[in-house]
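Structure assessment
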Amino acid sequence: MSGLLGLLDLGAGAMTAQNAGMAVASRNTANVNTEGYSRQRIILQSELGVPLVGGVRVEGPERLDDQLLALRERTSDSSRGQYSSLSVATADLEAAIAPSQGNMVQAIAALFGGLLDLASAPLDASLRTEMVSRANGTASSFVTASEAIASSRAQTNARVQSMAKEAERLAAQVAAANRAIAVDHDPVLADKRDQAARGLAELIGAQARIDSDGQMRITVGGGGMLVDGGRAAQVVGVPDSTTGDMHIELRDGNHVSDVTDNITGGKIGGELAFRNQTLTQAQSELDQLAYDMATQINAIHRNNAAPDGTTGVDLFDEPAQVAGAASAFRVNTQVANDPGRLAGATFGAGAGDNSGFLQLVALKDQAVAGGGTRTFVDQAINVLGNVGTAAASTRGAHELELARSEVLAGLRDSLSGVSLAEEAANLSQYQHASEAAVRFIGAVDDMLDFLITNL
Amino acid sequence: MRVTETRMIATASEQTSRQRARVQEASDALQTGVRVDRPSDGVTDWAEGMRAEVRNTLSERRGNAVARANERLLESDRALSGIGDGLSRIRELAVQAANDTYTAAQRAGIAEEVRGLRAQMIGLANTQGPDGEYLLAGSAGDVAPFGANGVYVGNGTRRQIEASEGNVGTYSVTGESLTSARGVDVFTTLDNIIAALNGNDADAVRANLNDLSTAVDQVANARTELGSQSAALDAVDNARRDFELELARMQERAMGIDPVDAATDFTRASQALESARAVAERIVAIALGR
């Protein structure tokens, strides 16, 4: 009697195990399109008993994942995020300062073209007016490029601040998941934590590890603790009081650490690299070129005479220093208001003398820019070319990172992805096994019924 | 390796998107004829194309300068031609007046005609260009170079322009051609003849005939010089046109598409897109169990 009752337990245990398998297969199927979901499985262990095998025991469900692969994915996410930001920002900058029509190179060519024209008829009032217009166009092209760089810097800072908020939100998610995992072993919590950790890697290049206590700890920039178990630091974008450039601070209680210089990965790392390297270099080269052009042209122009014999004035506003020369590049108001002040004659040589204009024309062929190594046109090509090179290289690096991510996603999918065919087979298998258990219980029940009736 | 349906669909979708972008890129290149539009499309080619464009822009402006210089030479030649004609007529009249049979009244009549011609010649020597510049004034182009007394107040500085890359040439003559700097002072010679005619002095008229001939030669020499300069400008201008065509070709080579390559690329991209679509459809059908 007791043996039959034991068989009933055996059948019930089998049915419970197969039902758990069906539940896991159903959950896997339901989450086939859930981003970050790792498939789960149950493990059926044989239960030892006397005198027969003691039936089946269910362990799990367990989550199919690989922490080494997850680490590689987070590293890849960090690089992909970095180059994603860099490539988009650099391409936008290139589009703003190097359009195919109306760029700085063409404006410089137009300026010297105007001088060539004017040198052939220095007293022609219409050519003088046109020359002033061309000088204005050249100055505008520098101002426009400089404004584009400034606007790009402002947008980058705004994006950094917005990303800092998002990073803080994700860090809070990881901390919340850590707290929940401490008391609940639901695999979905680990999925959510991994997903948030990947988001942090992509956003701020955060490095995560899971310690022996099962808690995930996340650091930024090689030291700043972003998530420590159930606690998450605040991530705050703080504008620099002098430059206005956004800094990233981690705040945990009273402890504040500026991690800006240590963030080299993730989208924020990409934005910071773009701001601190690409934009700074472009602005510096642009300012230097504007300074060289204005000072070199002025040096000739101011030593010449206007048609009325008066002393030449500066053609462009003389820059006081290199920094800011591009944004301050303007035609001297006296010349802008009166093209007759364009000075192209040697003093005392007569109003129709064009030797000063010819000197200005000759400047186009002289290596007076780029530290005395290039002509103005070549240096402008170099400035825009440097931005283009940065855009091309970051685009290439981003494509490489995307390819790497695809490979890793494939590897992850091969381990953790849900296959509908597999799950359908599992479901069918568990269903049949469950039905068998039901029949087994039915048979034992019949036997018990027979015994009770006939004894 | 285990591959799930989700992964297969995602890969097929990415492939289709990638091929669609490639078709779009190839189509854009075919439609615009532009391969390199921005520095990042190929820094070296872009830089080469920009340099060619800049050189072309400057060459076109040189073309304007050359055209303007040529117009100036033609105007100057027209003025010198009129002056030469006037001098020839005056020489004819002077030869006649040198004849001893001429009376004082006849010489006075000739003197009157010479005075009229002289005035016309002063006007021609003060010819202005379309911008109001006195063409024979040298670099003092804002002041009439010859006063009513025939004295030259201009200078000998001649107009230079950059006619071709790195080549500055001189393309003008000045009123000095009509002064003693180049032989005799034309208007002083005319004044001497007029005085001799008014003084009914046949010997004095004869004495000035040589100077008059020299003046005619001076003008002819100046016109010859103008002709040489004009021919040189024409040659430079012809070379400039060829140069600009070559620059346009250089720019096209650097930044434009090769039509055959572009068409081939477009065809390949279209075929790849079709293949990617077919694979995607098959994968979706498998996933749906069809």
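Scroll up a little and you will see the structure.
Description of the structure in this document. Position labels on residues start from 1 in each chain and follow its written sequence. In the order they appear in the text, chains get letters beginning with A and ligands get numbers beginning with 1. Note on the predicted model: pLDDT of at least 70 is required for a residue's local features to be given, and 80 or more for side-chain atom pairs to be given and counted; whole-chain, interface and lining totals, by contrast, use all residues. To get the side-chain values, all heavy atoms of the structure are used, and hydrogens and water are removed first.

1. Examining the interface of chain B and chain A
The contact definition used throughout considers only heavy atoms, calling two residues in contact when any of these lie within 4.5 Å. Across the contact, 40 residues belong to chain B and 58 residues belong to chain A. As used here, buried area is the combined drop in accessible area, with a 1.4 Å probe, of two parts when they are placed together. In this assembly, chain B packs against chain A so that about 3,900 Å² is buried in total across both faces, 52% of it on carbon and sulfur atoms. Any Lys or Arg side-chain nitrogen found within 4 Å of a carboxyl oxygen on Asp or Glu counts as a salt bridge. Remark: the boundary between chain B and chain A carries seven salt bridges. With a shortest N-O distance of 2.4 Å, Asp-117 of chain A and Arg-61 of chain B are connected by a salt bridge. Pairing of N or O atoms within 3.5 Å defines a polar contact, subject to two protein rules: one partner must be a possible hydrogen donor and the other a possible acceptor, and residues neighboring in sequence count only if both atoms are side-chain atoms. At the junction of chain B with chain A, the criterion picks out 27 residue pairs in polar contact (both at pLDDT 80 or more). The numbering of helices and of strands both runs from the N terminus, where a helix is a DSSP run of H or I of at least 4 residues and a strand a run of E of at least 2. Elements with a minimum of two residues in the side of chain B that touches chain A: helix H1 (5–32), helix H2 (43–97) and strand E1 (160–164) of chain B. With 14 residues, the single largest contributor to the side of chain B that touches chain A is H2 of chain B. Residue polarity is assigned by list, with Asp, Glu, Lys and Arg as charged and Ala, Val, Leu, Ile, Met, Phe, Trp, Tyr, Cys and Pro as nonpolar; anything else, Gly included, falls into the polar class. Classifying every residue of the side of chain B that touches chain A by side-chain character gives 13 nonpolar, 10 polar and 17 charged.

2. Notes on helix H3 (residues 104–125) of chain B
All names here are of chain B. An expected span of 1.5 Å times one less than the residue number is assigned to each helix. Between the first and last C-alpha of H3 there are 31 Å, a value that for 22 residues agrees with the 32 Å anticipated at 1.5 Å per step. Within the sequence span of H3, burial applies to Arg-107, Ile-110, Ala-111, Val-114, Leu-117, Arg-118, Met-121, Ile-122 and Ala-125. Angular distribution of buried residues about the axis of H3 spans 145°; they occupy a single face of the element. For H3, the exposed residues lying more than 90 degrees away from the buried face are Ala-105 and Gln-120. Considering only its buried residues, H3 is in contact with H2, helix H4 (186–198) and helix H5 (202–255). In this scheme, a residue with accessible area under 20% of its type's maximum is buried, one over 50% is exposed, and one in between is partly exposed, where area comes from a 1.4 Å probe on protein chains only. Summarising the geometry, the arc corresponds to the directions from the helix axis toward the C-beta atoms.

3. Thoughts on the side chain of Ser-177 of chain B
For Ser-177 of chain B, the position within the fold is in the loop between strand E2 (167–170) and H4. Apart from residues lying up to four places away in sequence, Ser-177 of chain B is in contact with Arg-182, Gln-218 and Ala-222 of chain B.

4. Some words on unusual backbone geometry
Of note, the bond from Gly-60 of chain A into Pro-61 of chain A is cis; its omega dihedral lies within 30 degrees of zero at 10°. Here the phi dihedral of Asn-200 of chain B falls at roughly 55°; this positive angle occurs in a residue that is not glycine. Among the secondary structure elements, Asn-200 of chain B is positioned in the loop between H4 and H5.

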